[in-house]
Amino acid sequence: MLKTNKKYHSVLKQLFNQKKIFIFDAFGTLFKTSSFETELEKLVGSKSFDLIALWRRKQLEYTWLYNQMQQYIPFDEITKLALEFSMRHHKIEDEMVRNLLLPIYDCSNLIEGTLEALSFLKKEGKTVVILSNGTPTMLQNGIEANGITHFIDHFFSVDSLQIYKPHPSVYQMALDELKVGFADCLFFSSNQWDVAGASTFGLDSVWVNQYGEVKENLPYGRVWEIEGLKVLV
């Protein structure tokens, strides 16, 4: 259940004040991956929703399966393979669909409230970090395209480890690179599997439930739930 009472937000405020380093997932948390619905519907009609849903599910499944098999290909390749499968499954062959969807992760817009939250954190003297499955190029493009370079102190890609989240080594990499401990950091993601991974690793974590999802039956550590990044402000 979403916590909205004053006592809950008071605890959150204390937590935010205590933490020095704010670590964010990228896609779905800071960057939106949906701004193409109208164009896609013109191309595939009623298949639009199911195509996207399967694409995103396979995108995640492939990262987890590659981890299990101790194999790795970059996230842009994972994204391409997942889209190809989804198109094949739905018997879609139009190259315009591929040309519309594949660039999304290289030119994502900010989710509402993100710019205000990042600006507030910098004014408060916080260190802002991105930790993502995305490739360094994807992340760099998103940061530069949205004009938030001066808000982001560091960004880390799993590309350097060649292991995808939620493997514990990914979260450890962030701590190692920053030379900090658990007590300094607060992790944010809109993805429940990511929050579960980070929190069971030991990071205090915030589930940004901006899509009104039902809580998954996953193992969790210390997790708080907010309805959007605007709560930071």
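All figures in this text were calculated on a predicted structure; none of them were measured in a lab.

## A look at the packing of helix α8 (residues 168-178) against helix α9 (residues 192-201)
- With their axes 9 Å apart at the nearest point, α8 and α9 run at an angle of 65° to one another. Regarding the angle of α8 to α9, the classification is roughly perpendicular. The two elements α8 and α9 cross, and the hand of that crossing is right-handed. Across the interface between the two elements, Pro-168, Tyr-171, Gln-172 and Leu-175 of α8 pack against Asp-194, Gly-197, Ala-198 and Phe-201 of α9.
- Across the contact of α8 with α9, the residue classes break down as five nonpolar, two polar and one charged.

## Some thoughts on the side chain of Asn-209
- Topologically, Asn-209 is positioned in the loop between β5 (204-208) and β6 (223-226).
- A distance of 3.1 Å separates a polar atom in the side chain of Asn-209 from a polar atom in the side chain of Glu-225.
- Contacts of Asn-209, omitting those with residues within four sequence positions, involve Glu-225, Ile-226 and Glu-227.

## Describing the pairing of strand β2 (residues 127-132)
- Of all six residues in β2, five are buried; the element is thus mostly enclosed.
- Sheet topology note: the β2/strand β3 (residues 154-157) ladder contains four bridges and is parallel. Among the inter-strand pairings, Ile-130 is bridged to a residue of β3, identified as Phe-155.
- Following the backbone out of β2, through helix α7 (residues 136-145) and into the adjacent parallel β3, one traces a crossover that is right-handed.

## Digging into the sheet that holds β2
- Ordered by their spatial adjacency, six strands build an open sheet running β3-β2-β1-β4-β5-β6, and the pairing between neighbours is parallel. This sheet does not close on itself; its edge strands, each paired only once, are β3 and β6. Sheet twist, expressed as the average angle between the axes of neighbouring strands with direction ignored, equals 25°.
- With four bridges connecting them, strand β4 (residues 185-189) and β5 associate as parallel partners.

Definitions and limits used
Residues numbered from 1 in each chain as written. Predicted model: local features only at pLDDT ≥ 70, side-chain atom pairs only at ≥ 80, totals over all residues. Heavy atoms only, no water. Axes fitted to C-alpha atoms, helices over the stretch in contact; angles between N-to-C directions. Helix = DSSP H or I, 4+ residues; strand = E, 2+ residues; numbered from the N terminus. Parallel < 35°, antiparallel > 145°, perpendicular 65-115°, else oblique. Left-handed = near helix turned anticlockwise from the far one by under 90°. Contact = heavy atoms within 4.5 Å. Nonpolar A, V, L, I, M, F, W, Y, C, P; charged D, E, K, R; others polar. Polar contact = N/O pair within 3.5 Å; in protein donor to acceptor, adjacent residues only side chain to side chain. Buried < 20%, exposed > 50% of the residue type's maximum accessible area, 1.4 Å probe, protein only. Pairing = 2+ DSSP bridges. Right-handed = clockwise from strand over helix to strand, strands pointing away.

Geometric descriptors of this kind do not, in isolation, establish any biological role.
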